[in-house]
Amino acid sequence: MRRFLALALLLAPLVPAKMPLDEFRTRRANLRKSLDGVVLLAARTEARDEVFRVDQEPNFYYLTGLTDPGARLLVTPSREILFLPHHNERLEHYVGKRSSAEDSDVHALTGFEEVLPIEKFETELDQALSTNEKVYTLQNTPFTDKLKLLYPFRDISDAAPVIAKLRMKKSAAELAAIQHATDVSLEAHRAAWKRMAAGLYEYQLEATLVNTFLENGCEGVSYAPIVGSGPNSTVLHYSANHRRADRGEVVVIDSAAQCDGYASDITRTAPVGGKFSPRQREIYEIVLGAQNAAIAAAKPGIRLSGPTNSLTKIAKDYMDAHGKDLHGEPLGKYFIHGIGHQVGLQVHDASVDGPLEAGMVVTIEPGIYIPEENIGVRIEDVILVTENGAKLLSAALPREPDEIEKAVAK
Ligand SMILES: [Mn+2]
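Not measured: the values here are computed from a predicted model. (Residues numbered from 1 in each chain as written. Predicted model: local features only at pLDDT ≥ 70, side-chain atom pairs only at ≥ 80, totals over all residues.)

### Quick notes on the overall build of the chain
On a plain count of helices and strands, the chain comes out with 13 helices and 16 strands. Principal axes of the C-alpha set define a box for the chain whose edges measure 70 × 55 × 35 Å. Considering the chain as a whole, with its 410 residues, one finds that 39% of them fall into the buried category. Long-range pairs, those at least 24 residues apart, make up 67% of the contacts in the chain with a sequence separation of at least 6. (Helix = DSSP H or I, 4+ residues; strand = E, 2+ residues; numbered from the N terminus. Buried ≥ 20, exposed ≤ 12 C-beta atoms within 10 Å, placed from the backbone. Contact = placed C-beta atoms within 7 Å.)

### So, the sheet that holds strand E5 (residues 134–137)
Neighbouring strands of a sheet are bound in pairs by backbone hydrogen bonds; such pairs are parallel or else antiparallel. Reading across the sheet, the six strands line up as E4-E3-E2-E1-E5-E6 and stay open at both edges, with mixed pairing between neighbours. The open sheet is flanked by strand E4 (114–117) and strand E6 (156–158), the only strands paired with a single partner. Averaged over all pairs of adjacent strands, the angle between strand axes in this sheet comes to 25°, irrespective of strand direction. Sitting on the sheet, helix H6 (residues 121–131) is in contact with strand E1 (37–42), strand E2 (72–75), strand E3 (80–84) and E4, with an inclination near 20° to E2. (Pairing = 2+ DSSP bridges. Axes fitted to C-alpha atoms, helices over the stretch in contact; angles between N-to-C directions.)

### Some points on the domain arrangement of the chain
What the domain assignment reports for the chain is domain 1 (2–167) and domain 2 (172–408). The centre of domain 1, based on its C-alpha atoms, is set 35 Å off from the matching centre of domain 2. Tallying the contact residues gives 13 residues for domain 1 and eleven residues for domain 2. Secondary-structure elements contributing two or more residues to the side of domain 1 that touches domain 2 are helix H3 (58–64) and helix H8 (160–167). Element by element, the count of residues in the side of domain 1 that touches domain 2 is highest for H8, at six residues. (Domains from an automatic or database assignment.)

### A short note on the confidence of the model for the chain
On average, the chain scores 94 in pLDDT, and the residues at 70 or more come to 96%. The low-confidence segment residues 1–17 (pLDDT under 50) makes 14 contacts with residues lying over four places distant or belonging to another chain. (pLDDT = per-residue confidence, 0-100.)

### Focus: the pairing of E3
Where burial is concerned, most of E3 is hidden: four out of the five residues are buried. Taking the residues that link successive antiparallel strands as the turn, the E2-E3 hairpin has four residues. As paired elements, E3 and E4 share four bridges and run parallel to each other. Bridge pairing links Leu84 to Pro117 in E4.

### Topic: the packing of helix H11 (residues 278–297) against helix H12 (residues 311–320)
Between H11 and H12, whose axes approach to 8 Å, the crossing angle comes to 145°. Every pair of crossing elements has a handedness; the one defined by H11 and H12 is right-handed. Judged by residue contacts, Ile286, Gly289, Ala290, Gln291, Ala293, Ala294 and Ala297 of H11 engage Leu311, Ile314, Ala315, Tyr318 and Met319 from H12. Across the contact of H11 with H12, the residue classes break down as ten nonpolar, two polar and no charged. (Left-handed = near helix turned anticlockwise from the far one by under 90°. Nonpolar A, V, L, I, M, F, W, Y, C, P; charged D, E, K, R; others polar.)

### Section: the pairing of strand E14 (residues 375–378)
Here E14 shows two buried faces, one formed by Ile375 and Val377 and the other by Gly376 and Arg378. Relative to E14, strand E13 (residues 367–370) runs antiparallel, the two sharing four bridges. Within E14, the residue paired with Gly367 across the bridge is Arg378. Here E13 hands over to E14 after four residues, with Asn374 in that stretch at a positive phi of 55°.

### A closer look at the environment of Phe83
Relative to the helices and strands, Phe83 is located in strand E3. With 24 C-beta atoms packed within 10 Å, Phe83 lands in the buried category. Taking the C-alpha atoms as reference points, Phe83 and Ala71, twelve residues apart in sequence, are found 5.5 Å from one another. Each residue touching Phe83, except ones within four places of it in the same chain, is listed here: Ala71, Arg72, Leu116, Pro117, Ile118, Lys120 and Phe121.

### Comments concerning H12
Two residues of an α-helix separated by three or four positions point the same way, owing to the 3.6 residues in each turn. Buried within H12 we find Leu311, Thr312, Ala315, Lys316, Tyr318 and Met319. For H12, the angular spread of buried residues about the axis comes to 155°, placing them on one side. (Arc of directions from axis to C-beta.)

### Some points on the sheet that holds strand E8 (residues 226–229)
A sheet is described by the order of its strands in space; here three strands give the open sequence E8-E9-E11, paired in antiparallel fashion. Here the strands that pair on one side only, and so sit at the sheet edges, are E8 and strand E11 (267–271). Going from strand to strand, the sheet's axes swing by 15° on average, the running direction of each strand aside.

### With respect to the nonpolar core
By size, the foremost hydrophobic cluster in this structure holds 97 residues, and its most contacted members are Ala181, Val251, Ala257, Ile368 and Ile383. The element that contributes the greatest number of residues to this core is helix H9 (residues 172–195), accounting for eight residues. Counting the residues that make up this core, at least three belong to each of domain 1 (2–167) and domain 2 (172–408). Not counting the four nearest positions on each side in its chain, Ile368 is found in contact with Ile283, Ile286, Val287, Met319, Leu331, Tyr334, Phe335 and Val377. (Core = buried A, V, L, I, M, F, W, Y, C linked by C-beta atoms within 7 Å.)

### Points about the packing of H9 against helix H10 (residues 202–215)
For the pair H9 and H10, interaxial distance at closest approach is 8 Å and the crossing angle is 145°. Considering the relative orientation of H9 and H10, their crossing is right-handed. Within the contact between the two elements, H9 uses Val184, Glu187, Ala188, Ala191, Ala192 and Arg195 and H10 uses Leu205, Thr208, Leu209, Thr212 and Phe213. Its residues assigned to classes, the contact of H9 with H10 shows seven nonpolar, two polar and two charged.

### Overview of unusual backbone geometry
In this structure, Asn241 takes a positive phi of about 50° despite not being glycine. Within the secondary structure, Asn241 is located in the loop between E8 and strand E9 (250–254). In this model, Asn309 sits at a positive phi of 45°, which is unusual for a non-glycine residue. Here Asn309 lies in the loop between H11 and H12.

In structure tokens form, the structure reads like this:
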């Protein structure tokens, strides 16, 4: 019985949406405004005897706020229909109560005026397709394959870019959620700094980060925490976190919380023992200068990446103009990734190619990684693009090397 109880607790409420249902209603209305066809989305499917929390399919979540599996969403320019599976008493003993179309409170709980049992999906879709030619759904899913079999003569287009265009412009409620995830993440970095000392293992710093996320009521991590000391500081997506950090090394901590479904993405680099070596500080200051140049240039119209008029180029040019490697070469070539990406429901959030626009939240994360010197430095912050510039959402966490030294000094 205890085993079942533990299972039930693990599977219990999948973090109910705290955002008001009106937020999701507004998103569907915005989708319908510019829609020239039918959008079909499937909620995540459910594995048998699931024992880990599974996140909802992000596009389905964005438009419904529902975390349960098995549902379908149909949106046309004039209608929004939610299809729900029937109750399954035995399953609900394991996973908790779920909504079904026959429930009297289903409209209040879901925010949908039209909620139908799942078996009505095909009839309703047929009807929608009698007046709409185009079909949009996510590509390369089992659901897409079924649709193609059902409608071999329809052109089935990708729904991802259509919804991404909406997802890229954050609403006030989304900005508040991202700010909260950011604030908790900054607190976690401060807690890790406080604990940082020679001889501590990377996973111990990870434990402090994750503990802070959970203590603040967040769901957990936005992505696997990266705690890379010494040589691991030069490995971009290092996440094994099993090495002992020693005095004289730098530690790259790239870690952020997921709160109320929303992500953040924060990186700081700090010296173990509280003092950057002169060379570490030199590299650090160049990365910081590149980041400041990119933040100062961020505004609507400029691109994140690209050979001209991009923030990546501005950061790289700054690095090329400051400092050298051990062979007298410029440092820009050690910045081997892009300057940033969209952040929202996902840490690498949905996007379509194009220049920055007001209302977008993106990271600015230059880095220099020199394996030959065991020095990797990345500084990553989240910004909100505004009408004429950018607002640093993570400004409360120090970036200046003196302040970081003070925070980790032992
Ligand atoms: Mn990032």
